[in-house]
Amino acid sequence: MKDLAIRAIREAGKILMDNFGRVDKVIIKGDRNLATNVDLEVEKRIIELIREKYPDHGILSEEQREIKGDADYRWIIDPLDGTHNYLYGIDIFGVSIALEYRGEIILGAIYIPKADELYFAEKGEKAYVNGKRIKVSRRKLNQASMIFDSGIRLNSRIMLENLVRLSRRVFNIRMFGSATRGLSFIAEGKLDLAVKYHDKPWDFAAGALIIEEAGGRVTDFYGRPWSLKSKHYIASNGVFHEEIVRLLNK
Ligand code: IPD
Ligand code: CA
Ligand code: CA
């Protein structure tokens, strides 16, 4: 399954790079939420590869949603994370594939095609980028560079209040428009914190496991362990996690 995840995510990355700057069709899914023909093509290929090898596994994928399976395994896929960036020719985007076994995420892979960076973790087996072990940073809150969601669209009032509070405590705040890019930077210690409001399971299932295996911490805003049902989450290097929980609950 590890080999399949890596093969599928690399193929996905190739399709994305081959089509970068050449989107044919934009699909408006809802309030400021887009997909393109390339999201669909990549998703189709990943699902094809999984079903060839494991026809009884379940699949939860952003564009197709749920394909039920008889096995205890379920793949959770975001074929293109950062569609808005991709559509406008900004090369900050990624692919995310996670594998759930009886309700627990046991494998996570993120691929950032433009940088050719493949992040990978299996439960209990540490985290790696292109085969090299990675660890979260040890920076304190006042030295931390953080990601505040990926942009501000919905619930802007509460988000902006918290943005102001956080901005007084951290060193710097960024927004990349791609959950996978931000989470993978935290896992390898380039960034230190993410506060995310609107992500879906396919945005963070792989990234959360990779951060934990790199020594970091991921919880919801109340400090409870993350799950695929989490509506919001904090991902950090673990050094100042409780301070962020307190700050968001003031
Ligand atoms: C989006 C990005 C973004 C997140 C949004 C997602 P998409 O994913 O991951 O970082 O904040 O909630 O919808 O639509 O580009 O796969
Ligand atoms: Ca996404
Ligand atoms: Ca997507």
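Conventions and cut-offs
- Residues numbered from 1 in each chain as written.
- Chains lettered and ligands numbered in written order.
- Predicted model: local features only at pLDDT ≥ 70, side-chain atom pairs only at ≥ 80, totals over all residues.
- Heavy atoms only, no water.
- Donors = N, O, S within 2.8 Å, 3.2 Å for Na, K, Ca; no water.
- Tetrahedral: all angles 85-135°; square planar, octahedral: opposite > 155°, others 65-115°.
- Buried < 20%, exposed > 50% of the residue type's maximum accessible area, 1.4 Å probe, protein only.
- Axes fitted to C-alpha atoms, helices over the stretch in contact; angles between N-to-C directions.
- Helix = DSSP H or I, 4+ residues; strand = E, 2+ residues; numbered from the N terminus.
- Parallel < 35°, antiparallel > 145°, perpendicular 65-115°, else oblique.
- Left-handed = near helix turned anticlockwise from the far one by under 90°.
- Contact = heavy atoms within 4.5 Å.
- Nonpolar A, V, L, I, M, F, W, Y, C, P; charged D, E, K, R; others polar.
- Patch = residues over 30% accessible without salt bridge, like charges linked within 9 Å, V, L, I, M, F, W, Y side chains within 5 Å.
- Areas by Shrake-Rupley, 256 points an atom, 1.4 Å probe, with all protein chains shown as cover.
- Salt bridge = Lys/Arg side-chain N within 4 Å of Asp/Glu carboxyl O.
- Pairing = 2+ DSSP bridges.
- Core = buried A, V, L, I, M, F, W, Y, C linked by side-chain atoms within 4.5 Å.
- Near = heavy atom within 4 Å.
- Polar contact = N/O pair within 3.5 Å; in protein donor to acceptor, adjacent residues only side chain to side chain.
- Lys, Arg positive; Asp, Glu negative; His and termini not counted.
- Charge placed at Lys NZ, Arg CZ, Asp CG, Glu CD.

(A) Expanded view of the coordination of the calcium ion (ligand 3). The calcium ion (ligand 3) binds to the protein through Glu62 (OE), Asp78 (OD) and Leu80 (O), with metal-donor distances spanning 2.1 to 2.3 Å. Mapped onto the sequence, the residues coordinating the calcium ion (ligand 3) show the spacing E-x15-D-x1-L.

(B) Seen up close, the coordination of the calcium ion (ligand 2). Coordination of the calcium ion (ligand 2) by the protein comes from Asp78 (OD), Asp81 (OD) and Asp203 (OD), over a distance range of 2.0 to 2.3 Å. The site at the calcium ion (ligand 2) holds six donor atoms, and with the angles between them running 47 to 153°, its shape is irregular. Between consecutive donors of the calcium ion (ligand 2), the numbers of intervening residues give the motif D-x2-D-x121-D. Overall, the relative accessible area of 1% leaves Asp78 in the buried class. The exposure class of Asp81 is buried, given its relative accessible area of 6%.

(C) How the structure looks around the packing of helix 1 (residues 2-19) against helix 2 (residues 37-53). Closest axis-to-axis distance for the helix 1/helix 2 pair is 10 Å, and the angle between their directions is 160°. Classified by the interaxial angle, the pair formed by helix 1 and helix 2 is roughly antiparallel. Read as a crossing pair, helix 1 and helix 2 show a hand that is right-handed. Along its contact with helix 1, which presents Leu4, Arg7, Ala8, Glu11, Ala12, Ile15, Leu16 and Asn19, the element helix 2 presents Val38, Glu41, Val42, Arg45, Ile46, Leu49, Ile50 and Lys53. Residues belonging to the contact of helix 1 with helix 2 are distributed by class as follows: 10 nonpolar, one polar and five charged.

(D) Fine view of a nonpolar patch on the surface. On the surface, Ile152, Leu160 and Met175 cluster together into a nonpolar patch covering about 220 Å² of accessible area. Turning to its location among the elements, Met175 is positioned in the loop between strand 12 (172-174) and helix 5 (179-187). A relative accessible area of 36% means that Met175 is categorised as partly exposed.

(E) Spotlight on the sheet that holds strand 12. In space, the five strands of this open sheet follow the order 12-11-13-15-14, with mixed pairing throughout. In this open sheet, the two edge strands, each paired with only one partner strand, are strand 12 and strand 14 (217-219). Adjacent strand axes in the sheet meet at a mean angle of 15° when their direction is disregarded. Relative to strand 15 (residues 233-236), strand 14 is paired through three bridges, and the arrangement is antiparallel. The residue bridging Thr219 from the neighbouring strand is Ile234, located in strand 15.

(F) Summary view of the nonpolar core. Within the largest apolar cluster, 34 residues are counted, with the highest numbers of intra-cluster contacts made by Ile76, Ile105, Ile210, Ile211 and Ala235. Examining the composition of this core, we find that eight residues originate from one element, helix 6 (residues 201-213), more than from any other. Each residue touching Ile105, except ones within four places of it in the same chain, is listed here: Ile76, Ala98, Leu99, Glu100, Lys123, Ala205, Leu209, Trp226 and Leu228. Counting residues in hydrophobic clusters, the runner-up holds 28 residues, among them Ile9, Val42, Ile47 and Leu49.

(G) Highlighting the site of ligand 1. Around ligand 1 sit 16 residues in total, of which Asp81, Gly82, Thr83, Ser150 and Ala179 are the nearest. Here Asp78 contributes a side-chain N or O atom positioned 3.2 Å from an oxygen atom of ligand 1. Measuring from an oxygen atom of ligand 1, one finds a side-chain N or O atom of Asp203 at 3.3 Å. Relative to its unbound accessible surface of 370 Å², ligand 1 loses 89% to contact with the protein. At three residues, the largest contribution of residues to the shell around ligand 1 is made by strand 5 (residues 73-81).

(H) Structural context of a positive patch on the surface. A cluster of like positive charges, contributed by Arg65, Arg153, Lys200, Lys229 and Lys231, occupies part of the molecular surface. With respect to the helices and strands, the residue Arg153 is situated in the loop between strand 11 (145-148) and helix 4 (156-167).

(I) Inspection of the pairing of strand 6 (residues 94-101) at higher detail. Most of strand 6 sits inside the fold, with seven of its eight residues counted as buried. Two strands pair when backbone bridges link them, and strand 5 and strand 6 are joined in this way by seven bridges, in the antiparallel orientation. Note that in strand 6 the partner of Ile76 across the bridge is Ala98. Bridge analysis of strand 6 against strand 7 (residues 104-112) gives seven bridges, and the strand direction is antiparallel. Looking across to strand 7, one finds that Ala98 is bridged to Gly108. Linking strand 6 back to strand 7 in an antiparallel pair, the connection comprises two residues, with Arg102 at a positive phi of about 45°.

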